[in-house]
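Chain and residue survey
Letter by letter, the chains look like this.
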Amino acid sequence: MNCSLSNTMSARALLSSLSLTPKTPPDISAQKRNHCLGFKHKYPFHFRIRVQLSSQQSQQERCHVNFRVSARSSSGERGGGKVRADVKSEPYDISDSIPESVKFEEAMDGAVLGKKELELELDSESESEIESSVPWWEQFPKRWVIVVLCFSAFLLCNMDRVNMSIAILPMSAEFNWNPATVGLIQSSFFWGYLLTQIAGGIWADTVGGKMVLGFGVVWWSIATILTPIAAKIGLPFLLVVRAFMGIGEGVAMPAMNNLLSKWVPVAERSRSLALVYSGMYLGSVTGLAFSPFLIQHYGWPSVFFSFGSLGTVWIAVWLSKAHSSPLDDPELRPEEMKLIMTNSVSKEPVKTIPWRLILSKAPVWALIVSHFCHNWGTFILLTWMPTYYNQVLKFNLTDSGLVCVLPWLTMAFSANFGGWIADTLVSKGLSVTTVRKIMQTIGFLGPAFFLTQLSHVNSPAMAVLCMACSQGTDAFSQSGLYSNHQDIAPRYSGVLLGLSNTAGVLAGVFGTAATGYILQHGSWDDVFKVSVGLYLFGTVVWNLFSTGEKILD
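Quick look at the structure, then. All values derive from a computational prediction rather than experimental measurement.

1. Things to note about the overall build of the chain
Across its full length, the chain holds 20 helices and 5 strands. The burial tally for the chain puts 50% of its 553 residues in the buried class. By element, 63% of the accessible surface of the chain is carried by carbon and sulfur atoms, the whole surface being about 25,600 Å².

What follows is the structure in structure tokens.
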């Protein structure tokens, strides 16, 4: 095609007369720096530039050049503009001589020249260049930032909880506490813990999980730091502080459940919850491992001061990085927003809790009953195992303490392994209902089987192995009942977890007391038989009445 131009014009000069917004034209001089026509925007624009060249014969040989530019941002906004140039010309062959000013930037290297139309695509190169300029930690999925922060919160939660089980020994020696007083102090934590299970769920569903979980960590961290001071003042003050600590930790699980129901898609739900709950297991391991060292070298108050102060570090990161919902996060990348919102719940906040409707649903009661049956066995094993190792297996107290760490480590591993299995099954097309029933059935029948084998083993090593396997299969419940709250009622997941976990805490309180009564009148075999019976009952209830489908909108 031949066209004559008397005034060589830069493509940039033409583009500068265009406007992607009605008010302010872009600064083309900054195009090379920003890769998106002067817009200082975090995400790349996608450009389509169309050039139409047409000639019109006259006495002075004129050439009409039409430029049209349209832009679409990653968020979907569109804009465009058009300019027409009518210039005198002198003949030359454009295929032989192209002025330097007409050569577009390297970013427009996808040009395709037709007879009268030129289209330039500016997507892939600009996008890749901008992606490469973003630090890797900013490209890390934001939903997994929330998961990791929740994991670290639960790590601190159990570190602050189990330190008393170690520190109580030197404390009772210093303050002359008898066993009854020690039991009272240990149980005072559950007074506050029971109070805030349902309240924490209501609060999280109405005002958002970020505020509630942040409050919980700050509250229990302050209570942990105040524990040595309260102990020195007097027993009543210590009981109040421990109850206050339970109040703070009681809101953690409902708040976390609310957060993950909004941030994590269904296909990633099991492994994200498993990772968060494994923070509790590893927190117990960390607390049991470091508390003796701190007590030996710096005294028992150092355990509470050091563990409690870690909460200040966590809350600083939490306030700067976390948001209650993806809709509240201005830095969330559009592609991740699309992935999350594909499975999102209603954008309307919860204003009232439909208690009658919730409590009328059979799957809700399946959750409550199954949580009770599950926690009965779990709390007994985790509370009474040191005594079992000492009385039955004849381990000394030091060995018992070390062996007690093994179930927590096993649970941390198997919980994440089970979460990966569950999400894989969902991604392969298996229904969520089927996956939840499979995982929880393993979480019930696995512990039941290994507990029945304890009466048939003769060596301590085999007994410890049975215990570890029992707790390891128990952790598959993280992908069963613990994931089900978000399945059946995502908007009310905090309230549901508060309800079911209240039953779980009551199982721990009653089960721990009942075990002492059974041991006084019977044997360890009787203790295990009660747990096995509840595991079997929970299996039946779960498989008959649970579902993975949403029953409450």
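2. Here's the deal with the side chain of Ser188
In this fold, Ser188 is placed in helix H6 (residues 179-207). Excluding its chain neighbours within four sequence positions, the residues that come into contact with Ser188 are Leu239, Arg242 and Ala243.

3. Considerations on the nonpolar core
Ranked by size, the top nonpolar core spans 113 residues in total, and within it Leu213, Tyr277, Tyr388, Tyr389 and Phe528 carry the most contacts. No other element matches the 15 residues that helix H5 (residues 142-175) contributes to this core. Not counting residues within four places of it along the chain, the set of residues in contact with Phe528 comprises Leu381, Met385, Tyr388, Leu451, Leu454 and Met467. With 6 residues, the next largest nonpolar core counts Ala422, Val432, Met439 and Phe476 among its residues.

4. Focus on a nonpolar patch on the surface
Among the surface-exposed residues, Val218, Ile222, Leu226, Ile229, Ile233, Phe237 and Phe305 lie close enough to one another that they form a single nonpolar patch of about 630 Å² accessible area. Sorting elements by how many residues they give to the nonpolar patch places helix H7 (residues 209-233) first, with 5 residues. Within the secondary structure, Phe305 sits in helix H11 (residues 301-321). On the basis of relative accessibility, which here comes to 38%, the residue Phe305 falls in the partly exposed class.

5. Some remarks on the pattern of salt bridges
A full pass over the atoms with the stated rule returns 9 salt bridges. As a salt-bridge pair, Lys232 and Glu174 come within 3.7 Å of each other at their nearest N and O atoms. Within this pair, whereas Lys232 is found in helix H7, its partner Glu174 is found in helix H5, the two being separated by 58 residues in sequence. For Glu174, a relative accessible area of 42% corresponds to the partly exposed category. Salt-bridge contacts for Arg269 lead to Asp487; the nearest nitrogen and oxygen are separated by 2.8 Å. Of the two residues, Arg269 sits in helix H10 (residues 269-298) while Asp487 sits in helix H18 (residues 481-488), which places them 218 residues apart along the sequence. Overall, the relative accessible area of 5% leaves Arg269 in the buried class. On the accessibility criterion, Asp487 (6% relative accessible area) is buried. Taken together, the shared-partner salt bridges in this structure form one network comprising Arg143, Glu268 and Glu336.

6. Structural notes on the packing of H10 against H18
Following both chains from N to C, one finds H10 and H18 inclined at 130°, their axes separated by 10 Å at the closest point. Accordingly, the angle class assigned to the pair H10 and H18 is oblique. Between H10 and H18 the crossing geometry is right-handed. Packed against H10, whose contacting residues are Arg269, Ser270, Leu273 and Tyr277, the element H18 presents Tyr482, Ser483, Gln486 and Asp487 at the interface.

7. Describing the environment of Phe545
Within the element layout of this structure, Phe545 appears in helix H20 (residues 524-545). When neighbours within four sequence positions are excluded, Phe545 is seen to be in contact with Ala362, Pro363 and Ala366.

8. Details of helix H17 (residues 460-474)
Along its 15 residues, H17 runs 21 Å from first to last C-alpha, staying within 8% of the 21 Å computed at 1.5 Å per residue. All of the buried residues in H17 are Ala463, Val464, Cys466, Met467, Ala468, Ser470, Gln471, Gly472, Thr473 and Asp474.

9. Some details on the packing of aromatic side chains
The geometry of an aromatic ring pair is captured by two quantities: the separation of the ring centres and the angle between the planes. With the rule as written, the count across this model stands at 19 aromatic pairs. Ring centres of Phe154 and Tyr277 lie 6.0 Å apart, and the angle between their planes is 90°; on these two criteria the pair is classed as edge-to-face. With a gap of 123 residues between them, Phe154 in helix H5 and Tyr277 in helix H10 connect regions that are remote in the sequence. With a centroid separation of 4.8 Å and 20° between ring planes, the pair formed by Trp314 and Trp318 is classed as stacked. Here Trp318 and Trp314 lie together in helix H11, a separation of 4 residues that amounts to about one turn. We note that Trp314, like Trp318, is buried.

10. Here's the deal with the packing of helix H19 (residues 493-521) against H20
Direction vectors running N to C along H19 and H20 enclose 140°, while the axes themselves pass 8 Å from each other. Classified by the interaxial angle, the pair formed by H19 and H20 is oblique. The two elements H19 and H20 cross, and the hand of that crossing is right-handed. Along the contact surface, H19 presents Thr515, Ile518 and Leu519, while H20 presents Trp524, Asp526, Val527 and Val530. Class assignment of the residues belonging to the contact of H19 with H20 gives a composition of 5 nonpolar, 1 polar and 1 charged.

11. As for unusual backbone geometry
Of note in the backbone geometry, Asn176 takes a positive phi value of approximately 60° without being a glycine. Here Asn176 is to be found in the loop between H5 and H6.

12. Let's talk about the side chain of Ser479
Assignment of secondary structure puts Ser479 in the loop between H17 and H18. Take Ser479: its relative accessible area is 0%, and that puts it in the buried class. Within polar-contact distance, the side chain of Ser479 engages the backbone nitrogen of Gly419 at 3.3 Å.

Criteria and cut-off values
Residues numbered from 1 in each chain as written. Predicted model: local features only at pLDDT ≥ 70, side-chain atom pairs only at ≥ 80, totals over all residues. Heavy atoms only, no water. Helix = DSSP H or I, 4+ residues; strand = E, 2+ residues; numbered from the N terminus. Buried < 20%, exposed > 50% of the residue type's maximum accessible area, 1.4 Å probe, protein only. Areas by Shrake-Rupley, 256 points an atom, 1.4 Å probe, with all protein chains shown as cover. Contact = heavy atoms within 4.5 Å. Core = buried A, V, L, I, M, F, W, Y, C linked by side-chain atoms within 4.5 Å. Patch = residues over 30% accessible without salt bridge, like charges linked within 9 Å, V, L, I, M, F, W, Y side chains within 5 Å. Salt bridge = Lys/Arg side-chain N within 4 Å of Asp/Glu carboxyl O. Axes fitted to C-alpha atoms, helices over the stretch in contact; angles between N-to-C directions. Parallel < 35°, antiparallel > 145°, perpendicular 65-115°, else oblique. Left-handed = near helix turned anticlockwise from the far one by under 90°. Expected span 1.5 Å × (residues − 1). Phe/Tyr/Trp six-rings, centres within 6.5 Å; stacked < 30°, edge-to-face > 60°. Nonpolar A, V, L, I, M, F, W, Y, C, P; charged D, E, K, R; others polar. Polar contact = N/O pair within 3.5 Å; in protein donor to acceptor, adjacent residues only side chain to side chain.

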